[in-house]
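Fold and contact review
Listed here are the chains, written in short residue letters.
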Amino acid sequence: DPCNEFPRDHVYEWYFESSHQCLVPGKGQTDRITSKDSRNGYVFNLSFHVEEIDVIKCYLYTRASIHRFFPEDIYKLFPELFDMTYQNNDAFIKKQKEKGNKGVVKDIHLKDSLFESFRHQTSDEYRRSVKRNGKKSSRDKPRQK
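Being a predicted model, the structure only gives us computed values, none of them experimental. (Residues numbered from 1 in each chain as written. Predicted model: local features only at pLDDT ≥ 70, side-chain atom pairs only at ≥ 80, totals over all residues. Heavy atoms only, no water.)

All right, on to the nonpolar core then. If you look at the biggest cluster of nonpolar residues, it comprises 11 residues: Ile56, Cys58, Leu60, Phe69, Ile74, Tyr75, Phe78, Met84, Ile93, Val105 and Leu110. Breaking this core down by element, the ones donating at least two residues are β2 (55-62) and α2 (73-76). (Core = buried A, V, L, I, M, F, W, Y, C linked by side-chain atoms within 4.5 Å. Buried < 20%, exposed > 50% of the residue type's maximum accessible area, 1.4 Å probe, protein only. Helix = DSSP H or I, 4+ residues; strand = E, 2+ residues; numbered from the N terminus.)

Bringing the environment of cysteine 3 into the picture now. Its location among the elements puts cysteine 3 in the segment before α1 (14-21). Owing to a relative accessible area of 23%, cysteine 3 belongs among the partly exposed residues under this scheme. Distance in space between the C-alpha atoms of cysteine 3 and arginine 32 is 9.0 Å, their sequence separation being 29 residues. Discounting residues that sit within four places of it in the chain, cysteine 3 has contacts with Cys22, Pro25 and Arg32. (Contact = heavy atoms within 4.5 Å.)

Moving on to the packing of aromatic side chains. Scanning the entire structure with this criterion turns up 8 aromatic pairs. Ring geometry for phenylalanine 70 versus phenylalanine 115: centroids 5.8 Å apart, planes at 20°, classification stacked. Taken together, the residues span a long stretch of sequence, with phenylalanine 70 in the loop between β3 (65-68) and α2 and phenylalanine 115 in helix α5 (residues 113-121) at a distance of 45 residues. Accessibility expressed as a relative area gives 17% for phenylalanine 70, which makes it buried. (Phe/Tyr/Trp six-rings, centres within 6.5 Å; stacked < 30°, edge-to-face > 60°.)

Without other data, these values stay purely geometric and don't point to any function.
If you want it as structure tokens, here you go:
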């Protein structure tokens, strides 16, 4: 039963497949909720993929799609997904934005060393720096296992 298994020797992609098979079990296979379900926009799932101390990823499943989720997405994506007039959600987001890194996101730590290195190397700032200096930084070396 895909709603009840966690294989010992899984590959990273297993997390995605398990979410495609089952998020919320039902009485039968047709009753279960999966990451592929939209349910009129009511499926909202944050899936944390924790492999190692420095490999913690989070993915947002909603509206039958998946997005890599970062703490700052609370400010960007939540206003698109939720009724901002309900329970002063708009005031909360505005207040958190004003606090910047001292807001609610300061306590959310998602570390992914390989992805951070990739993100750094593909940034416009990095490309401009390499063009100016002709050098790559120490962050460009792949992580050793």
